[in-house]
Amino acid sequence: MTPRDLIFSSFYADAISLGPHWIYDGDEIEKLYPSGLTKYDKPRSPYHVGKSAGDFTHYGEQTLALLRSLANSPWSIGSWRANWMDWAKNTKAYMDGASKRTLENLEAGLEQPSESSDLAGATRIAPLFACLDGAELIQAARAQTALTHGDPQVIDAAEFYSRAALDICGGANIDEAFDQAASHPYDGLPAIDWLAEARQAAEGDLTQAARQIGLACNVRQAFPLSLAVALKHQNDPVTALTTNALLGGDSAARGMPLGLLLGAKHGLSAYPDSWRDELIAGDEINAALVTLSA
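All figures in this text were calculated on a predicted structure; none of them were measured in a lab.

### Structural notes on the environment of D41
Item 1. Take D41: it is sitting in the loop between α2 (26–32) and α3 (58–72).
Item 2. Between the C-alpha atom of D41 and that of L258, which follows or precedes it by 217 residues, the distance is 19 Å.
Item 3. When residues no more than four places from it in sequence are discounted, the contact partners of D41 are L18, G19, Y33 and A53.
Item 4. Looking at D41, its side chain comes within polar contact range of the side chain of Y33, at 2.6 Å.
Item 5. Polar contacts involving the side chain of D41 include one to the side chain of R44, which spans 2.9 Å.

Next up, the structure:
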């Protein structure tokens, strides 16, 4: 697979999650989408004012900011810090707590992230696959996450996703890649335990499992649930991304690394052409990837 497969798939996951993002009531989601979710929808929660179908959440916006940064200059944490700060100061998107606190620190001259344990910091890593590989990519994934999220488990989660995606690109299946990534020693992430929890969840009803694990933003809930969805629907990326969206809660944070992993396995041919055609930033993403591949 090419970087394009991983990157677009990650963006698809964010865009398909926009409609039900941060709705925690399963009955409400079912009423909104009685026939399921097959195409992009406008946001149905109050958090993404001004967005329309095919747009990104603030997670997708930050990922696009990273892609722009890489298209303009080689990866460095200094360049990403400057470009992220420019995004944060000028965006009209919703600003989560981690972004607000990080921006406050940077404006005060402190190169210090928030203490947030939200998985969101680890969701932006897909663009790095356009220009980095191996250990350099893994270190960059950790660094870009640590810009805004200081919790060691979130930083480790970015490494786990990176390792798993690299292994999948190398020919491993989802199960093998997860085992290999979990076997690596992490600073704080109990990867083996949370992977076991995810496997158990994937064996049963995912909706019930999601209620038990939790649908919130924090890494303790969002990370194992993202793995469970990947395991449950590893052979059907469209079902994986739409199922994740319809589970509710912080579906976008779970979805972006999910899209990365399934893009690495299946490529873009597994998705409807309409998802590419109706993605508002699709042309910009494509242009940036052309620049990075030149």
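Moving on, there is more to tell.
### With respect to the layout of surface pockets
Item 1. Considering only enclosed or pocket space, the largest pocket measures out at about 290 Å³ in volume.
Item 2. Around the largest pocket sit 15 residues that line it, and G26, I29, T207, L246 and L247 are the ones nearest its centre.
Item 3. Of all the secondary structure elements, the ones that give two or more residues to the lining of the largest pocket are α2, α10 (206–213) and α12 (237–247).
Item 4. At four residues, the largest contribution of residues to the lining of the largest pocket is made by α2.
Item 5. Residue composition of the lining of the largest pocket, by class: eight nonpolar, four polar and three charged.

### Structural notes on empty space enclosed by the protein
Item 1. Per the stated rule, a full pass over the model turns up one cavity of 30 Å³ or more.
Item 2. Considering only enclosed or pocket space, the largest cavity measures out at about 40 Å³ in volume.
Item 3. If you trace the largest cavity, you find it lined by Y59, Q62, D96, S99, A120, G121, T123, R124 and H149.

### Some remarks on the packing of helix α4 (residues 77–90) against helix α5 (residues 97–107)
Item 1. Viewed as axis vectors pointing N to C, α4 and α5 meet at an angle of 115 degrees, and their least axial separation amounts to 10 Å. In terms of crossing hand, the pair formed by α4 and α5 is left-handed. Where α4 abuts α5, its residues R81, W84, M85, W87, A88 and K89 lie against S99, T102, L103, L106 and E107.
Item 2. Residues of the contact of α4 with α5, tallied by class, amount to six nonpolar, two polar and three charged.

### A closer look at helix α13 (residues 251–266)
Item 1. Given a rise of 1.5 Å per residue, 16 residues ought to cover 22 Å, and the 21 Å separating the end C-alpha atoms of α13 matches this to within 8%.
Item 2. Summarising burial for α13: 15 of the 16 residues are buried, a large majority.
Item 3. A positive backbone phi angle near 75 degrees is found at G267, which sits one or two residues after α13.

### Observations concerning the side chain of H266
Item 1. By the secondary structure assignment, H266 is in helix α13.
Item 2. Side-chain polar atoms of H266 contact the backbone oxygen of Q234, separated by 2.6 Å.
Item 3. Look past the residues within four positions of H266 in its chain and what remains in contact with it is M1, Q234, N235, D236 and P237.

### Notes on the pattern of salt bridges
Item 1. Applying the stated criterion across every chain yields a total of 12 salt bridges.
Item 2. Salt-bridge contacts for R44 lead to D41; the nearest nitrogen and oxygen are separated by 2.9 Å.
Item 3. What makes D41 buried here is its relative accessible area of 13%.
Item 4. Measuring nitrogen to oxygen at the nearest pair gives 3.5 Å for the salt bridge that ties D283 to R276.
Item 5. Taken together, the shared-partner salt bridges connect R142, D156, E159, R163 and D187 into one network.

### Details of unusual backbone geometry
Item 1. Here W22, not a glycine, exhibits a phi torsion of approximately 65 degrees, which is positive.
Item 2. Tracing the chain through its elements places W22 in the loop between α1 (3–17) and α2.

### Regarding the packing of aromatic side chains
Item 1. Scanning the entire structure with this criterion turns up 16 aromatic pairs.
Item 2. Between the aromatic rings of F8 and Y12, the centroid separation amounts to 6.0 Å while the plane-to-plane angle is 50 degrees, which identifies the pairing as tilted. Here the residue F8 and the residue Y12 both occupy positions in helix α1, the gap between them amounting to four residues, near one helical turn.
Item 3. Judged by centre distance (5.4 Å) and plane angle (55 degrees), the rings of Y161 and F223 are tilted. Taken together, the residues span a long stretch of sequence, with Y161 in helix α7 (residues 152–169) and F223 in helix α11 (residues 219–232) at a distance of 62 residues. As far as the burial class goes, Y161 and F223 line up, both buried.

### Overview of the nonpolar core
Considering soluble globular proteins, one finds that nonpolar side chains tend to be buried as a cluster.
Item 1. If you look at the biggest cluster of nonpolar residues, it comprises 100 residues, and the most contacted ones within it are F160, F178, F223 and I285.
Item 2. Looking at this core element by element, the count peaks at nine residues for α11.

Conventions and cut-offs
- Residues numbered from 1 in each chain as written.
- Predicted model: local features only at pLDDT ≥ 70, side-chain atom pairs only at ≥ 80, totals over all residues.
- Heavy atoms only, no water.
- Helix = DSSP H or I, 4+ residues; strand = E, 2+ residues; numbered from the N terminus.
- Contact = heavy atoms within 4.5 Å.
- Polar contact = N/O pair within 3.5 Å; in protein donor to acceptor, adjacent residues only side chain to side chain.
- 1 Å grid on protein atoms, 1.4 Å probe; cavity = no way out; pocket = protein on both sides within 12 Å on 5 of 7 lines; lining within 4 Å.
- Points joined across faces, edges and corners; volume = space filled by probe spheres on them.
- Nonpolar A, V, L, I, M, F, W, Y, C, P; charged D, E, K, R; others polar.
- Axes fitted to C-alpha atoms, helices over the stretch in contact; angles between N-to-C directions.
- Left-handed = near helix turned anticlockwise from the far one by under 90°.
- Expected span 1.5 Å × (residues − 1).
- Buried < 20%, exposed > 50% of the residue type's maximum accessible area, 1.4 Å probe, protein only.
- Salt bridge = Lys/Arg side-chain N within 4 Å of Asp/Glu carboxyl O.
- Phe/Tyr/Trp six-rings, centres within 6.5 Å; stacked < 30°, edge-to-face > 60°.
- Core = buried A, V, L, I, M, F, W, Y, C linked by side-chain atoms within 4.5 Å.

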